[in-house]
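This is what each chain is made of:
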Amino acid sequence: MSPLPAPPTRTAPALPAGWVPYRIRGRLVTVGEPLRLGAGGRPAAEAVRFLRECQSHDLVVHWLPATDDPLFTGPAHEVARTAGLLRHLPAPGPLPGEPAELTGWRERHAYGQLYHRRGPDFVTVMDRREPTAAARFTIDDPDLLAAFRTVQAPTAVAALDAVGREAVELLAAERLARVTDGWAVALPPRIRRWPVPCTDI
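Cut-offs applied
Residues numbered from 1 in each chain as written. Predicted model: local features only at pLDDT ≥ 70, side-chain atom pairs only at ≥ 80, totals over all residues. Heavy atoms only, no water. Helix = DSSP H or I, 4+ residues; strand = E, 2+ residues; numbered from the N terminus. Buried < 20%, exposed > 50% of the residue type's maximum accessible area, 1.4 Å probe, protein only. Pairing = 2+ DSSP bridges. Contact = heavy atoms within 4.5 Å. Axes fitted to C-alpha atoms, helices over the stretch in contact; angles between N-to-C directions.

Examining unusual backbone geometry
The phi torsion at D121 lies on the positive side, around 65°, for a residue other than glycine. Residue placement: D121 occurs in the loop between β4 (114–119) and β5 (122–127). A relative accessible area of 59% places D121 in the exposed class. With a phi close to 50°, D181 is a non-glycine residue in the positive phi region.

Okay, here's the thing in structure tokens:
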């Protein structure tokens, strides 16, 4: 009788490097400094991309918002809008005196609330961030698809041509991209593990 093969080793996923200092151990990612998701611009877009990629790999992420971040200190309606948009990403850890919207983010967060799958010349997106208004999108228009692919990495809107800028505006209007202070980044993680139930794919 031949011996059983060794179980496959799980290697750490490749996460965006350079903008967000982190340590990874198994499935746990610890971010080395507070993130400023509410501040806008390239640092916020890079932080969103980092959390999106962690969510794509179903990693557990420990991170805190900066206490002077508008996500923590801003008006309640702005905090609620941002938390609702980013609810599918790993939630921030608790801080004393945090807004109720951040507590709600932690309580409502789950893998598979927003994700995309790639096909030949199209992308499908499932959005269940708002349970009463779940939506499914198919992006197959060449200009929209090109823009969606471009903003997988944080992108300066000013660097896009007129068609690209219009496409990014449409993605942002459907809450599939976030644009702040001239920087755009796609929001749906690429699905790498089927959420339950699998009939929702």
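Side note on the sheet that holds strand β7 (residues 155–156)
Pairing is antiparallel across the open sheet formed by 3 strands, whose spatial order is β7-β9-β8. Both outer strands of the open sheet, β7 and β8 (177–180), are each paired with one neighbouring strand and no more. Sheet topology note: the β7/strand β9 (residues 183–186) ladder contains 2 bridges and is antiparallel. In the strand pairing of β9, A156 is matched with W183. Running over the sheet, helix α1 (residues 41–56) touches β8 and β9 and is turned about 5° from β9.

A word on the sheet that holds strand β2 (residues 28–31)
Spatially, 3 strands are ordered β1-β2-β3 in an open sheet, and the strand pairing comes out mixed. The open sheet is flanked by β1 (22–25) and β3 (60–62), the only strands paired with a single partner. Within the sheet, the average angular offset between the axes of one strand and its neighbour, ignoring direction, is 20°. The sheet contact formed by β1 and β2 spans 4 bridges and is antiparallel. Looking at the pairing, R25 lines up with L28 of β2. Contacts between α1 and the sheet are confined to β1, β2 and β3, with β2 contributing the most and set at about 170° to the helix.

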